[in-house]
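In case you want the letters, here they are:
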Protein chains: 4
Amino acid sequence: MTSAKPSILLVECADRAGLVHGITGVLFRLGVNVVGNHEFVDRTSQRFYMRTEFDGAVNAHTLLGELRGVLPAGADVRLSKQEPKRVVVLASKEHHCLADILVRHAFHELNAKLEAVISNHEVLEPLVRKFELPFHYLPHGTLSREVHEAEVLTLVQKYRPDYLVLAKYMRVLSPWLVRHFPARIVNIHHSFLPAFAGARPYHQAFERGVKVIGATAHFVTDELDAGPIILQQVIGVDHTHTAEDLVHSGRDVEQAVLARALKLVFEDRVFLCGNRTVIFD
Amino acid sequence: MTSAKPSILLVECADRAGLVHGITGVLFRLGVNVVGNHEFVDRTSQRFYMRTEFDGAVNAHTLLGELRGVLPAGADVRLSKQEPKRVVVLASKEHHCLADILVRHAFHELNAKLEAVISNHEVLEPLVRKFELPFHYLPHGTLSREVHEAEVLTLVQKYRPDYLVLAKYMRVLSPWLVRHFPARIVNIHHSFLPAFAGARPYHQAFERGVKVIGATAHFVTDELDAGPIILQQVIGVDHTHTAEDLVHSGRDVEQAVLARALKLVFEDRVFLCGNRTVIFD
Amino acid sequence: MTSAKPSILLVECADRAGLVHGITGVLFRLGVNVVGNHEFVDRTSQRFYMRTEFDGAVNAHTLLGELRGVLPAGADVRLSKQEPKRVVVLASKEHHCLADILVRHAFHELNAKLEAVISNHEVLEPLVRKFELPFHYLPHGTLSREVHEAEVLTLVQKYRPDYLVLAKYMRVLSPWLVRHFPARIVNIHHSFLPAFAGARPYHQAFERGVKVIGATAHFVTDELDAGPIILQQVIGVDHTHTAEDLVHSGRDVEQAVLARALKLVFEDRVFLCGNRTVIFD
Amino acid sequence: MTSAKPSILLVECADRAGLVHGITGVLFRLGVNVVGNHEFVDRTSQRFYMRTEFDGAVNAHTLLGELRGVLPAGADVRLSKQEPKRVVVLASKEHHCLADILVRHAFHELNAKLEAVISNHEVLEPLVRKFELPFHYLPHGTLSREVHEAEVLTLVQKYRPDYLVLAKYMRVLSPWLVRHFPARIVNIHHSFLPAFAGARPYHQAFERGVKVIGATAHFVTDELDAGPIILQQVIGVDHTHTAEDLVHSGRDVEQAVLARALKLVFEDRVFLCGNRTVIFD
């Protein structure tokens, strides 16, 4: 418990025979101790994914150099020391996802360092202040979308975040803004995507008379609500639930799904695989 | 256990004050013993729904007459003796839902009497024969949809079924056929509707990279996969599942959802409420 | 949405024919509008339970008097205006359940007014202070159980709480203390009771090799971990989870179950029925 | 889909550095193609478990010989061609688990060949006959447990089964009988073990007032209901469910859990790890 966290080696490359053997051989020869390993080959794309946790000191330059010798050209290799990710959260008026993140952050459960919270409303400022974090109120008011987003981007970039988290941020981000953070923006959508993409998903769900509702944590891409899905969870509902009830019941699911997805992402457990995710938990 | 099943009174009408008091008063005065009661008011439509189980003999004519005195005009009142529903099943090539229905029917778990199985393929005939039920092979072959469906309808009608069950029947029914059995055709759709309506839902789900798949039992209406939902259930999946794996995992859910939905429908526990269902279980 | 909350009528009595008719008749004659109703008869004990929400002003004395005329002797009748319950929380070192309650309380989600948090450790004081609530540190130190509990009781009673909540309070309460708050102490036990009652349930679960773990919210009675169960929820685990992992995964379930159970209790949705609960949600 | 099934290599041994590298090296040098791999190290016991699927012809003698060179002494190595397991099922009066197995067997979903069904009651004979399998009625009548079990064992052994499945067989097997089939008897217990071990678990669950019930598939050992757990699944229940209702609701879970557990066991996906199981699915 008190010891140093293991290092994490992340490999993604074209698949070929002998990769596991080759990679584990490098680690073995460098004298580090593998304490956890996941690998996966996507048959469709013939891509190989591997996440290895190891204890022991190793020279990163040496490790990456030796790995190059056993991996195909173009392999994507990363070595993570598991230092906390730098994170900026965007929120609007709803508190539940944000509050849960603030609590988990305060108790060091997320492998993240929250740099700031930015909101287009003021209502959540007192909550954020309780946790002694910077809160920035950036109202859109009469600003054009472009001008408002430029303000947001400028502010975000001051914090040099590894990830942006949209914790019920109720504005759609423009593609040009999204492209500044490829696969680095995590959103919680309040439906079981792809059902009920877009606005007012609980009201859509009520109209359709579904018997299960859910929430989806996903990476944000150019296309609204169509980015790679990280995690989804559902709960049963019945005819006694109004659309308003669905909103309330759904909040607990949203909060749980987003917290768990962030933990996975910030611990380097999520790979992209086309528009899908490979998750090693 | 060995005693007679309770009778079931089903009431649907415009809501107004005093309905529960009025209806229970009629039952009280007629000396029957209420052993279970559910009521629900849909706020949107201001419709009242009630399902009452009672023990004791009562003259149906008297009961319905007295109820008329306490209910608004246009009330829909039914008295069910819980006799088994007459059912015809349509299937294609997949056995799992059909086999489960056959077993449950053989052991009297469904409050139904299976009259026959009709299929556009021959492959399930041996299974049906094991359970000593009529099996009709109606290939579409070179027939036009209209001609084939007319054959199906003629055959179905010979059995005078209360309900049709589509147990993985892989052909879309034309609206004209559906209209012969309003709210009396139950289908199992192999996705969590409204996600992935239409063909090959598991392959759609795989492409979208969802982390949860499901199945939906619903009434069939004119509009494909858009009828009132009776029941939905899901299971988690991950990146290791191919589209083919999703098909296999999904079968257990389809089978479970359809069986449970049929039990609810055949026990008169499902009301229609616009395009939604009210379920008293 | 903005209107006054409905009043709630709670009735428990010996079952007999005509109770629903009688009670709804009283409400009808007094001119109030029933907007929700649940009733249940426990066959074993022949007890009748009913919870009715109604809009409209009514004289409580008149209502209870008229009800007496239609109910059997000894009926337990309560009229609740849904004012927030007064609550004292006891906690120890773990923050997750307490933090979740504090957030929900701050945003008025629980129909409760938190009066104070009492703990046998100091570690959670900063968290409680963020939410501007009284925090009392009552260490047991070298005190006997009796003396420590007497201190706790004295302090608790100053707040005249309707309910005590044990939010991971890691000390067993003596029966004499419990008897001061019959059916008014809610505990979260970190297992799927009755499996793994007592200490270190996650370690017990790990040793047994279970594939599902859970949490149980229950009323506290004289007998350890044997009180009436309000709510239970589970999550799947597998061989890769250490006992320590189970502790961590379990926390999210504990937090969710306790929050939901408190909401039910504080909204007068939970009846006791022997050592079981009747829940109208 | 139409190609030969992959071979499966199963390794269990004391853990040490370089095992994955060594084993994958042997497979690489023998020119077979690894198409799936799972490994796990149990920290408590320091045991290493690995299951590798590979395509390609290999001489078993050569493979096992070479593996010996890279594995510690005492390693348990098996090579499975995935031929269907020989299975005898024991049942009593309840049909649901047996029927589900019969259907799945008939449609080749279980990687098993059912040799026979043995029962201490006659009632399930017609069901088994439908599927054209031997049914043996071995009533215990006035026989002592010892004599009855000796008859059962004699009959079972004639079929030389790889596995025995207890599909709601309502008699406890004596330790001497169990020892003939170590880790080769799979039972379905109708509760969420370790809660409600022993007789009438649903009635115990009802008395305790639980809000979730479940079923457990496990290997049978000397100690009643205490063998290694393979799979568990649960469903929610509420105060409206009688003990009898729990029995009925539970059946669907039992059936689903047993079917899934058998699939895992018969595909060599389950390792024993002390009294726990390691499952590679």
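In this text, all values refer to a predicted model and were calculated from it rather than measured experimentally. (Residues numbered from 1 in each chain as written. Chains lettered and ligands numbered in written order. Predicted model: local features only at pLDDT ≥ 70, side-chain atom pairs only at ≥ 80, totals over all residues. Heavy atoms only, no water.)

**A look at the relation of the copies chain B and chain D**
Aligned on chain D, chain B shows an RMSD of 0.0 Å; the corresponding rotation is 180° and the shift along the axis is 0.0 Å. The superposition of one copy onto the other is thereby described by a two-fold rotation axis. Ranked by how close their C-alpha atoms come to the rotation axis, the residues of chain B are headed by Lys130(B), at 2.7 Å. Most of the interface of chain B is mirrored in chain D, where 100% of its interface residues are also at the interface. (Least-squares fit on C-alpha atoms with pLDDT ≥ 70 in both. Contact = heavy atoms within 4.5 Å.)

**Let's talk about unusual backbone geometry**
Cis geometry is found at the peptide bond from Leu193(B) to Pro194(B), where omega equals 10°. With respect to the secondary-structure elements, Pro194(B) resides in the loop between strand 9 (185–189) and helix 7 (201–208). One non-glycine residue, Asp268(C), adopts positive backbone phi at about 55°. For Asp268(C), the position within the fold is in the loop between helix 8 (243–266) and strand 12 (270–273). (Helix = DSSP H or I, 4+ residues; strand = E, 2+ residues; numbered from the N terminus.)

**Points about the side chain of Ser174(B)**
Note that Ser174(B) resides in the loop between strand 8 (163–166) and helix 6 (175–178). Setting aside chain neighbours within four positions, we find Ser174(B) in contact with Arg145(B) and Glu149(B).

**Concerning the sheet that holds strand 5 (residues 85–91) of chain D**
Residue and element names in this part refer to chain D. Strand order in the open sheet formed by 7 strands is 7-6-5-8-9-10-11, and the pairing between neighbours is mixed. Every other strand in the sheet has two partners, leaving strand 7 (135–137) and strand 11 (229–236) as the edge strands with one partner each. Recorded for the sheet is a direction-independent mean angle of 20° between the axes of neighbouring strands. Bridge analysis of strand 10 (residues 212–219) against strand 11 gives 7 bridges, and the strand direction is antiparallel. If you follow Gly-214 over to strand 11, its bridge partner there is Val-234. Of the strands in this sheet, strand 5, strand 6 (112–119), strand 7 and strand 8 (163–166) touch helix 5 (residues 145–158), which is tilted by about 155° from strand 5. (Pairing = 2+ DSSP bridges. Axes fitted to C-alpha atoms, helices over the stretch in contact; angles between N-to-C directions.)

**Here we look at the interface of chain A and chain B**
On the chain B side, the residues contacting the 31 residues of chain A number 31 residues. Around 2,700 Å² of area is buried between chain A and chain B when both sides are counted, 61% of it from carbon and sulfur atoms. Looking only at chain A, the three residues that lose the most surface to chain B are Arg208(A), His239(A) and Arg276(A), adding up to 29% of its buried area. Put simply, chain A and chain B have 0 salt bridges between them. Taken together, chain A and chain B are joined by 14 residue pairs in polar contact (both at pLDDT 80 or more). Of all the secondary structure elements, the ones that give two or more residues to the side of chain A that touches chain B are helix 7 (201–208), strand 11 (229–236) and strand 13 (276–279) of chain A. Per-class residue counts for the side of chain A that touches chain B are 17 nonpolar, 9 polar and 5 charged. (Buried area = accessible area lost by both parts, 1.4 Å probe. Salt bridge = Lys/Arg side-chain N within 4 Å of Asp/Glu carboxyl O. Polar contact = N/O pair within 3.5 Å; in protein donor to acceptor, adjacent residues only side chain to side chain. Nonpolar A, V, L, I, M, F, W, Y, C, P; charged D, E, K, R; others polar.)

**Remarks on the packing of aromatic side chains**
The final tally for this structure, using the stated rule, is 19 aromatic pairs over all chains. Ring centres 5.4 Å apart and planes at 70° place the aromatic pair Tyr49(C) and Phe271(C) in the edge-to-face group. Residue Tyr49(C) is found in strand 3 (residues 47–55), and its partner Phe271(C) is found in strand 12; the two are separated by 222 residues along the sequence. The pair formed by Tyr49(C) and Phe271(C) is uniform in burial state, with each residue classed as buried. Each residue in the set Phe40(B), Tyr49(B), Phe271(B) and Phe280(B) is aromatic and connected to the rest through ring pairs, giving one cluster. If you follow Arg276(B) out to its NZ or CZ, it ends over the ring of Phe206(A), 3.8 Å from the centre. (Phe/Tyr/Trp six-rings, centres within 6.5 Å; stacked < 30°, edge-to-face > 60°. Buried < 20%, exposed > 50% of the residue type's maximum accessible area, 1.4 Å probe, protein only. Lys NZ or Arg CZ within 6 Å of the ring centre and 35° of its normal.)

**Quick notes on the domain arrangement of chain A**
Residues and elements named next belong to chain A. By domain assignment, chain A separates into domain 1 (7–80) and domain 2 (85–279). Each of domain 1 and domain 2 has a C-alpha centre, and the two are 32 Å apart. Listed by partner, the interface residues are 13 residues for domain 1 and 9 residues for domain 2. When domain 1 packs against domain 2, the two sides together hide about 810 Å² of surface, and 56% of this comes from carbon and sulfur. Three residues, Leu-10, Tyr-49 and Arg-51, lead the burial of domain 1 against domain 2; their summed loss comes to 49% of the area buried on that side. Inspection of the domain 1/domain 2 interface yields 1 salt bridge. The interface formed by domain 1 and domain 2 includes 4 residue pairs in polar contact (both at pLDDT 80 or more). Only strand 1 (7–14), strand 2 (33–42), strand 3 (47–55) and strand 4 (76–80) provide two or more residues apiece to the side of domain 1 that touches domain 2. When the residues that make up the side of domain 1 that touches domain 2 are grouped by side-chain class, the tally is 6 nonpolar, 2 polar and 5 charged. (Domains from an automatic or database assignment.)

**Some remarks on the interface of chain B and chain D**
Every contact between the two is made by 15 residues of chain B and, on the other side, 15 residues of chain D. Across the contact surface, chain B and chain D share 2 salt bridges. Salt-bridge contacts for Arg104(B) lead to Asp252(D); the nearest nitrogen and oxygen are separated by 3.0 Å. Our count for the chain B to chain D interface comes out at 7 residue pairs in polar contact (both at pLDDT 80 or more). Elements represented by at least two residues in the side of chain B that touches chain D include exactly helix 3 (96–106), helix 4 (125–130) and helix 8 (243–266) of chain B. The element best represented in the side of chain B that touches chain D is helix 3 of chain B, accounting for 4 residues.

**A word on the pattern of salt bridges**
On inspection of all chains with the given rule, the structure shows 73 salt bridges over all chains. Here the salt bridges share partners, and the residues they tie into one network are Arg51(A), Glu53(A), Lys263(A), Glu267(A) and Arg269(A).

**Side note on the relation of the copies chain A and chain B**
For the pair chain A and chain B, the best superposition has an RMSD of 0.0 Å and corresponds to a rotation of 180° with a translation of 0.0 Å parallel to the axis. Here 100% of the interface residues in chain A have copies in chain B that are interface residues too; the copies meet face to matching face.

**Re the packing of helix 1 (residues 19–29) of chain A against helix 1 (residues 19–29) of chain D**
The interhelical angle for the contact between helix 1 of chain A and helix 1 of chain D, taken along N-to-C directions, is 140°, at an axis separation of 8 Å. Pair helix 1 of chain A / helix 1 of chain D crosses with left-handed handedness. Packed against helix 1 of chain A, whose contacting residues are Val20(A), His21(A), Thr24(A), Gly25(A) and Phe28(A), the element helix 1 of chain D presents Val20(D), His21(D), Thr24(D), Gly25(D) and Phe28(D) at the interface. Across the contact of helix 1 of chain A with helix 1 of chain D, the residue classes tally to 4 nonpolar, 6 polar and no charged. (Left-handed = near helix turned anticlockwise from the far one by under 90°.)

**Re the environment of Leu110(B)**
All names here are of chain B. Note that Leu-110 resides in the loop between helix 3 and strand 6 (112–119). By relative accessible area, Leu-110 is classed as buried at 3%. Separated by 154 residues in sequence, Leu-110 and Leu-264 have C-alpha atoms that sit 8.7 Å apart. Setting aside chain neighbours within four positions, we find Leu-110 in contact with Ile-101, Arg-104, His-105, Ala-259, Leu-262, Lys-263 and Phe-266.

**Things to note about the sheet that holds strand 3 (residues 47–55) of chain B**
The strands making up a sheet are joined through hydrogen bonds of the backbone, oriented either antiparallel or parallel. Residues and elements named next belong to chain B. The sheet built from 4 strands is open, its strands ordered 2-3-1-4 with antiparallel pairing. In this open sheet, the two strands that pair with only one neighbour each are strand 2 (33–42) and strand 4 (76–80). Averaged over all pairs of adjacent strands, the angle between strand axes in this sheet comes to 10°, irrespective of strand direction. Pairing geometry for strand 2 and strand 3, over 9 bridges, is antiparallel. By the bridge assignment for strand 3, Asp-42 is matched with Arg-47.

**Regarding the environment of Pro175(B)**
Looking at where Pro175(B) falls in the secondary structure, it is placed in helix 6. Expressed as a C-alpha distance, the spacing of Pro175(B) and Asn59(B), which sit 116 residues apart in the sequence, is 39 Å.

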